[in-house]
Amino acid sequence: MISLDEAVTARLESHGARFEVLVDPDAALAIKRGDFEGDLEDVIAAEDVFENASRGDRPAESDLETVFDTTDPMEIIPEVIREGEIQITADQRREMQERKRKQLIDTITRNAVNPQMDNAPHPPERIDNALEEAGFTVDPMEPVQQQVDEALDALRPVIPIRFEEVTMAVQIPAEHAGSAQAKIREFGDLEREEWQADGSWIGVLTFPAGLQNEFYDTVNEHSSGEAETELVKDKDELNTR
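Throughout, residues of each chain are indexed from 1 in the direction in which the sequence is written. Only residues with pLDDT of at least 70 are given local features in this predicted model, and only at 80 or more are side-chain atom pairs given and counted; all residues enter the totals for whole chains, interfaces and linings. For side-chain calculations, the full set of non-hydrogen atoms in the structure is used, while hydrogens and water are omitted.

### Here's the deal with the UniProt feature "domain: Ribosome maturation protein SDO1/SBDS C-terminal" (unreviewed entry) in the chain
Operational definition: UniProt positions are given in the numbering used here, feature names are shortened, and annotations may be inferred rather than shown by experiment. Comment: elements are numbered from the N terminus, with helices defined as DSSP H or I runs of at least four residues and strands as E runs of at least two.
Mapped onto this numbering, the UniProt entry gives "domain: Ribosome maturation protein SDO1/SBDS C-terminal" (unreviewed entry) at residues 168–233. Helix makes up 36% of residues 168–233 and strand makes up 38%, while its end C-alpha atoms are separated by 8 Å.

Below, the structure is given as structure tokens:
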């Protein structure tokens, strides 16, 4: 369950009665869109249906039976969310907007590059400032992924930017290969790998170009700086430097 401070109220009025439930705002939006895949009990603040959630008043069981054909809160809660309205205070809206702005900046930073600077990643601060200069407003009620394209359209007149992937070859010495390769795999799609006779590991991965600096840091950290890497254009090549 979530805390009351994290929850918003979903409200449904039907047959002269009012029903309210307390739910995580992002989960509520996902449920309304029909793409929620988590556990309901993890995203609600109470396994209960209220007539007035702020006072803790509960509706009559006869009203629940009339509207929902059940008194089971876990069956009623999703229906209240789907069919009702999500009530968000001004403070909650600001918090959601700020959280999604940070998520949007993170998404763009991890995927975007500067084509005028040899496809170097843009720092988060540059993306943040450019969004501000472009006057882009994050919609707290929409998923971040659905706002990325619109944000990029707003950013392009302000900074040179595009989404791009890179393919990287890396060779890890035998003494570090076991643990390092597991961390490196997490960066993207493993196109190819080979374990060498000396116990070293070679991998070719494709991942968002904005992760290059983080990739180098991870490789160096888990190989004590002894790994060799190369940015490659041909995925069939395993040359390293």
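There is more to say after this.
### Points about the sheet that holds strand S7 (residues 165–172)
Here is the rule we go by: A pair of strands is considered paired only if DSSP assigns at least 2 bridges between the two. For helices, the fitted axis covers only the stretch in contact; all axes are lines through C-alpha atoms, and the angles between them, taken along N-to-C directions, range from 0 to 180 degrees. Residues are treated as being in contact if the distance between any of their heavy atoms lies within 4.5 Å.
What the four strands build is an open sheet, ordered S8-S9-S7-S10; its pairing is antiparallel. At either margin of the open sheet sits one strand with a lone partner, and together these are strand S8 (189–195) and strand S10 (228–232). Across the sheet, the mean angle from the axis of one strand to that of its neighbour is 20°, orientation sign disregarded. Note: S7 against S10, five bridges, orientation antiparallel. Bridge assignment links Gln 171 to a residue of S10, and that residue is Glu 228. In the packing of helix H8 (residues 212–223) onto the sheet, the strands contacted are S7, strand S9 (201–208) and S10, and the crossing angle to S7 comes to about 10°.

### Describing helix H2 (residues 61–68)
Because the α-helix completes a turn every 3.6 residues, residues three or four places apart line up on one side. Rules: To sort residues, take the accessible area from a 1.4 Å probe on protein chains only and compare it with the maximum for the residue type: under 20% means buried, over 50% means exposed, and anything in between is partly exposed. In this description, one arc is meant: the one made by directions from the helix axis to the C-beta atoms.
Restricting attention to buried positions, one finds in H2 the residues Leu 64, Val 67 and Phe 68. Taken down its axis, H2 places every buried residue within 80° of arc, on the same side. Those residues of H2 that are buried are in contact with strand S1 (8–14), strand S2 (17–23) and helix H3 (73–83). Following H2 by one or two positions, Asp 69 adopts a phi angle in the positive range, close to 60°.

### So, a negative patch on the surface
Heads up, the rule is: Residues enter patches when they are more than 30% accessible in relative terms and free of salt bridges; like-charged ones are connected within 9 Å and nonpolar ones (Val, Leu, Ile, Met, Phe, Trp, Tyr) within 5 Å. The protein chains shown are the only cover counted for residues, whose accessible areas, like all others here, come from Shrake-Rupley with a 1.4 Å probe. In the sections that follow, a salt bridge refers to a side-chain nitrogen of Lys or Arg positioned within 4 Å of a carboxyl oxygen of Asp or Glu. For the charge count, each Lys or Arg is scored as positive and each Asp or Glu as negative, with His and the chain ends excluded. Just so you know, the charge point we use is NZ for Lys, CZ for Arg, CG for Asp and CD for Glu.
A surface patch of like charges, here negative, comprises Asp 39, Glu 41, Asp 42, Glu 47, Asp 72 and Glu 75. Taking relative accessible area as the criterion, Asp 72 reaches 33% and is therefore assigned partly exposed.

### Overview of the sheet that holds strand S6 (residues 162–163)
If you walk across this open sheet you meet the three strands as S5-S4-S6, and the pairing is antiparallel. Two strands in the sheet have a free side with no partner beyond their single neighbour: strand S5 (120–121) and S6. Both strand S4 (residues 112–114) and S6 contribute to a ladder of two bridges, which runs antiparallel. Along S6, the bridge assignment pairs Ala 112 with Phe 163.

### Observations regarding the domain arrangement of the chain
Put simply, an interface is often sized by how much accessible area is lost when its parts join up. To be explicit about the condition: Residue ranges assigned to the domains are those given by an automatic or database domain assignment.
Under the domain assignment, the chain is made up of domain 1 (4–87), domain 2 (90–163) and domain 3 (165–239). If you average the C-alpha positions of domain 1 and of domain 3, the two centres end up 48 Å apart.

### Quick word on the packing of aromatic side chains
Aromatic ring pairs are reported here in terms of the distance separating the ring centres and the angle at which the planes meet. Rules: Only the six-membered ring of Trp is used, alongside the rings of Phe and Tyr, when aromatic pairs are assigned; centres must lie within 6.5 Å, and planes under 30 degrees apart are stacked while those over 60 apart are edge-to-face, with the rest tilted.
A complete count under the given rule lists five aromatic pairs for this structure. Look at Phe 19 and Phe 68: their rings are 5.0 Å apart centre to centre, the planes differ by 75°, and that puts the pair in the edge-to-face class. Of this pair, Phe 19 sits in strand S2 while Phe 68 is found in helix H2, placing the two residues 49 residues apart along the sequence. Between Phe 187 and Phe 215 the ring centres are 5.4 Å apart and the planes differ by 90°, which places this aromatic pair in the edge-to-face class. Of this pair, Phe 187 sits in the loop between helix H7 (174–185) and S8 while Phe 215 sits in helix H8, and the two are 28 residues apart along the sequence. By the burial criterion, Phe 187 is buried, and Phe 215 matches it. A connected cluster of aromatic rings, assembled from ring pairs, spans Phe 187, Phe 207, Phe 215 and Tyr 216.

### Details of the environment of Met 117
When you line up the elements, Met 117 lands in the loop between S4 and S5. The exposure class of Met 117 is exposed, given its relative accessible area of 53%. In this structure the C-alpha to C-alpha distance between Met 117 and Pro 160, which are 43 residues apart in sequence, comes to 9.1 Å.

### Digging into the environment of Arg 18
Put simply, the rule is: Nitrogen and oxygen atoms within 3.5 Å of one another constitute a polar contact, given that in protein one can donate a hydrogen and the other can accept it, and given that sequence-neighbouring residues count only through two side-chain atoms.
With respect to the element layout, Arg 18 can be found in strand S2. Once the C-alpha coordinates of Arg 18 and Leu 64 are considered, the two residues, 46 residues apart in sequence, prove to be 9.9 Å apart. Not counting residues up to four positions away in its chain, the partners in contact with Arg 18 are Arg 11, Leu 12, Glu 13, Phe 50, Glu 51, Asn 52 and Pro 59. Among the polar contacts listed, one links the side chain of Arg 18 to the backbone oxygen of Glu 51, at a separation of 3.0 Å.

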